[in-house]
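The primary structure of each chain is shown beneath.
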Amino acid sequence: MWASAARVVVVLVLVVAGTRANAESSVYERCLQLGKDEADCLALSNVRRRRQALPDSFTNDYVLCLLSASASGDDPSTCDHLSSICTCVPYWQCLDDTQKPGPEANLQPIVNLRVQGVACNVTEHVCCTNFDFTLPAPTPAPTGQEYQSRCGQRKPDGFGATFQGFIDRQAQLGEFPWMAAVMTSQVHQGTSANFYICGASLIHRQVVLTAAHHVTDKSADQLMVRLGEWNFKEQTEPIQHQDFLVSRVMVHPKYNPASFQYDVALLFLDGTAELGPTVDVICLPEVNQDFSGPGCYSSGWGKDVFGQEGAYQQILKSIELPAVPNPACERALRTTRLGSFFKLHSSFMCAGGEAGIDTCTGDGGSPLVCPDPSNPSRYIQAGIVAWGIGCGQDGIPGVYAAVSHAVSWIQQELQSNFGFDVRTQV
């Protein structure tokens, strides 16, 4: 028995020693990644054992954070924003050389979010030594004219600044101005409690388009829509989002809840959206218009991977996907659990099929937009995220409600309620 106990003690000592060694190695490697001297990094990784003097190049908060991460086995990268004697501030208030002019005169600046490898906790912030808290957030440049809305105008450089340093396919601020979030409209103990349900797209100043399967079990007074959102965790965007209650929910008359055929719904807002750089409408397709080939995009706040280990996104994400012809998509889906006799209904379209690049749980209702064949800088909504077999499986596209097969009904509802003809979109 004593021999057995001794073996247990030895094993525990080895495990603890191995964990400590791994943590110290992690701190050392992270320190090197931040551009510090090798001797300084070695001193920092050994400080718990040898009580060495620490280099002056580290802040006290950074040392304490790294030692805490080392002791608990946490990721030391969470301490990066403390690694230098600098302060995380909004990029527009930083006077350091964190910005550079755009490629042409008078264009918005390019902002590096990872100055010397340091990333602040708030996305639009940079680590800065010289700053001015009185500097205002960027606003649309005055043109002497009111904002001119044009459907389908993607902004790949974003609004206010072009951010560099994203590592997880985050979209630029205002890149997809038609993107909307559908949320619950609830009041709990006198406080508004809004929970994310799904994505949607703005097709009219008072109407968003989404997936029917997310809203058929809810009444209009249980829903709200947010426009102009980008960073769900922080309210630091230079232009505030717009929230609306829903006055009416209209589901496509051919929607089949068992098969998700015609998975299309319209949410009518209780007010009129103010259009601008971060809020605008998406173009709608022609009846039965087909889409195929590369260059389509989907955006949303859905999970990064399928299952319980997946996490919803703080920043709006963007993925580029090819539209896949329905016959090819049907053949791919027949290799899955759907079986060799599966038939893809004509009210669907497909996109994707590359491993690890796909829409996922929580992206339902979000738009799939593709370039207009006659004007590639203009985007048309081809699909609505509907369903899929897992997320991001190699060779298996995701399935979307085909907007071109529902646009006649959409046109009818917009015409009868607002006198609006989608064919006049420019």
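Refer to the structure printed above.
The structure presented is a predicted model; accordingly, all values stated were derived computationally and were not measured. (Residues numbered from 1 in each chain as written. Predicted model: local features only at pLDDT ≥ 70, side-chain atom pairs only at ≥ 80, totals over all residues. Heavy atoms only, no water.)

**What to know about the sheet that holds strand S21 (residues 398–402)**
Inference 1: Read around the closed barrel, six strands run S16-S17-S18-S21-S20-S19, paired in antiparallel fashion. For this sheet the average axis-to-axis angle between neighbouring strands, irrespective of direction, equals 45°.
Inference 2: Sheet topology places strand S16 (residues 293–300) next to strand S19 (residues 367–372); two bridges connect them, and they run antiparallel. Bridge pairing in S19 places Ser-298 opposite Leu-368.
Inference 3: Contacts from helix H4 (residues 326–333) reach strand S17 (317–324), strand S18 (348–351), strand S20 (375–387) and S21, with the element oriented near 75° to S18. (Pairing = 2+ DSSP bridges. Helix = DSSP H or I, 4+ residues; strand = E, 2+ residues; numbered from the N terminus. Axes fitted to C-alpha atoms, helices over the stretch in contact; angles between N-to-C directions. Contact = heavy atoms within 4.5 Å.)

**As for the nonpolar core**
Inference 1: Among the nonpolar cores identified, the biggest contains 42 residues, and Ile-203, Leu-209, Val-264, Leu-266 and Ile-410 are the most heavily contacted of them.
Inference 2: Secondary-structure elements contributing two or more residues to this core are strand S6 (125–128), strand S8 (179–184), strand S12 (207–210), strand S15 (265–269), S20 and helix H5 (407–418).
Inference 3: In terms of residue count, H5 provides more of this core than any other element does, four residues in total.
Inference 4: Excluding anything up to four places from it in sequence, Val-264 contacts Leu-209, Thr-210, Ala-212, Val-251, His-252, Ile-384, Ala-401, Ala-406, Trp-409 and Ile-410.
Inference 5: Grouped together as the second largest cluster of nonpolar side chains are 39 residues, Ala-180, Phe-291, Ile-319 and Ala-382 included. (Core = buried A, V, L, I, M, F, W, Y, C linked by side-chain atoms within 4.5 Å. Buried < 20%, exposed > 50% of the residue type's maximum accessible area, 1.4 Å probe, protein only.)

**Considering the state of the cysteines**
Inference 1: Per the counting criterion, the structure on display carries three disulfides.
Inference 2: Note on cysteine connectivity: Cys-151 is disulfide-linked to Cys-283, with sulfurs 2.0 Å apart. Its S-S torsion of about 95° marks the bond between Cys-151 and Cys-283 as right-handed, since a negative value means left-handed. Taken together, the residues span a long stretch of sequence, with Cys-151 in the loop between S6 and strand S7 (162–164) and Cys-283 in the loop between S15 and S16 at a distance of 132 residues.
Inference 3: Taking relative accessible area as the criterion, Cys-151 reaches 2% and is therefore assigned buried.
Inference 4: Overall, the relative accessible area of 0% leaves Cys-283 in the buried class.
Inference 5: The residue that forms a disulfide with Cys-329 is Cys-350, at a sulfur-sulfur distance of 2.0 Å. Across the S-S bond linking Cys-329 and Cys-350, the dihedral sits near -75°, which makes this disulfide left-handed. Of the two residues, Cys-329 sits in helix H4 while Cys-350 sits in strand S18, which places them 21 residues apart along the sequence. There is no split in this pair, since Cys-329 and Cys-350 are both buried. (Disulfide = S-S within 2.5 Å.)

**Quick look at the sheet that holds strand S14 (residues 242–251)**
Inference 1: Judged by pairing direction, the barrel is antiparallel, and its six strands sit side by side in the order S8-S11-S12-S15-S14-S13 before closing back on the first. The mean angle between the axes of side-by-side strands here comes to 40°, regardless of whether they run parallel or antiparallel.
Inference 2: In this structure, S8 lies alongside strand S13 (residues 223–227), joined through five bridges in antiparallel fashion. Bridge pairing links Thr-184 to Leu-223 in S13.

**Some thoughts on the environment of Gly-152**
Inference 1: Among the structural elements, Gly-152 can be located in the loop between S6 and S7.
Inference 2: Judged by relative accessible area, Gly-152 falls into the buried class, the value being 0%.
Inference 3: Separated by 132 residues in the primary sequence, Gly-152 and Leu-284 place their C-alpha atoms 8.7 Å from one another.
Inference 4: In contact with Gly-152, not counting residues within four places along its chain, are Trp-178, Val-281, Ile-282, Cys-283, Ser-377, Arg-378 and Tyr-379.

**Structural notes on H5**
Inference 1: Given a rise of 1.5 Å per residue, 12 residues ought to cover 16 Å, and the 16 Å separating the end C-alpha atoms of H5 matches this to within 8%.
Inference 2: All of the buried residues along H5 are Val-407, Trp-409, Ile-410, Gln-411, Glu-413 and Leu-414.
Inference 3: Along its buried surface, H5 packs onto strand S11 (196–204), S12, S14 and S15. (Expected span 1.5 Å × (residues − 1).)

**Thoughts on the pairing of S21**
Inference 1: Within S21, five of the five residues are buried, which leaves it mostly tucked inside the rest of the structure.
Inference 2: Note: S18 against S21, four bridges, orientation antiparallel. Looking at S21, one finds that Ala-351 is bridged to Gly-398.
Inference 3: Relative to S21, S20 runs antiparallel, the two sharing four bridges. Residue pairing in the sheet places Trp-387 in a bridge with Val-399 of S21.

**Some points on unusual backbone geometry**
Inference 1: In this model, Phe-260 sits at a positive phi of 65°, which is unusual for a non-glycine residue.
Inference 2: Here Phe-260 lies in the loop between S14 and S15.
Inference 3: Here Phe-260 falls in the partly exposed class, since its relative accessible area comes to 22%.
Inference 4: Within the chain, Tyr-262 stands out as a residue other than glycine whose phi angle is a positive 55°.
Inference 5: Relative to the elements of secondary structure, Tyr-262 occurs in the loop between S14 and S15.
Inference 6: Under the relative-accessibility criterion, Tyr-262 is labelled buried at 13%.

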